[in-house]
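Observations on chain architecture
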Amino acid sequence: VETQQFPGVGRPLAMGFATPRRKDKHERDSRESRLSDFEPCKVFVSGMSDRDSEEEIGDFFSQWGLVALVYRDRGAWGFVHYATREGALRL
């Protein structure tokens, strides 16, 4: 995923696809069988400022696809959930 510049931020945003920590094949296969194309795709984002609101982050990432949810931690990271996998793959 390419680094993007968020307006008003001094450092570039680092993005990557969220993957589960456990690599258990059975769990992975059962999870993949439950997923459909309409499930949201979660993308990890780091480098967010305390001044960036969830709405501003969602607006920024909506240029690649429909953003269903933005989750922010108190730190400088969070998740952007796209409505479709295609939206997240456009990053």
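Scroll up to find the structure.
Our subject in this report is the structure included herewith. (Residues numbered from 1 in each chain as written. Predicted model: local features only at pLDDT ≥ 70, side-chain atom pairs only at ≥ 80, totals over all residues. Heavy atoms only, no water.)

Observations regarding a nonpolar patch on the surface
- Residues Phe44, Tyr71 and Trp77 make up a contiguous nonpolar surface patch of roughly 260 Å² in combined accessible area.
- Checked against the element boundaries, Phe44 lands in strand β2 (residues 41-46). (Patch = residues over 30% accessible without salt bridge, like charges linked within 9 Å, V, L, I, M, F, W, Y side chains within 5 Å. Areas by Shrake-Rupley, 256 points an atom, 1.4 Å probe, with all protein chains shown as cover. Salt bridge = Lys/Arg side-chain N within 4 Å of Asp/Glu carboxyl O. Helix = DSSP H or I, 4+ residues; strand = E, 2+ residues; numbered from the N terminus.)

Examining helix α2 (residues 54-61)
- Within α2, burial applies to Ile57, Gly58, Phe60 and Phe61. Projected onto a plane normal to the axis of α2, the buried residues spread over an arc of 160° and lie on a single side. Seen from the open side of α2, the exposed residues pointing more than 90 degrees away from its buried face are Glu55 and Asp59. (Buried < 20%, exposed > 50% of the residue type's maximum accessible area, 1.4 Å probe, protein only. Arc of directions from axis to C-beta.)

Focus: the side chain of Arg72
- Following the sequence through the fold, Arg72 ends up in strand β3 (residues 67-72).
- Buried charge without a partner: Arg72 forms no salt bridge, and the closest opposite charge is Asp50, 4.5 Å away.
- Only 3.0 Å separates the side chain of Arg72 from the backbone oxygen of Ser49, close enough to count as a polar contact.
- At 2.3 Å, the side chain of Arg72 and the backbone oxygen of Asp52 are in polar contact.
- Contact partners of Arg72, with chain neighbours within four places excluded, come to Met48, Ser49, Asp50, Asp52, Ser53, Glu54, Ile57, Trp77 and Gly78. (Lys, Arg positive; Asp, Glu negative; His and termini not counted. Polar contact = N/O pair within 3.5 Å; in protein donor to acceptor, adjacent residues only side chain to side chain. Contact = heavy atoms within 4.5 Å.)

Interpretation note: all reported values are geometric properties and have no functional meaning in isolation.
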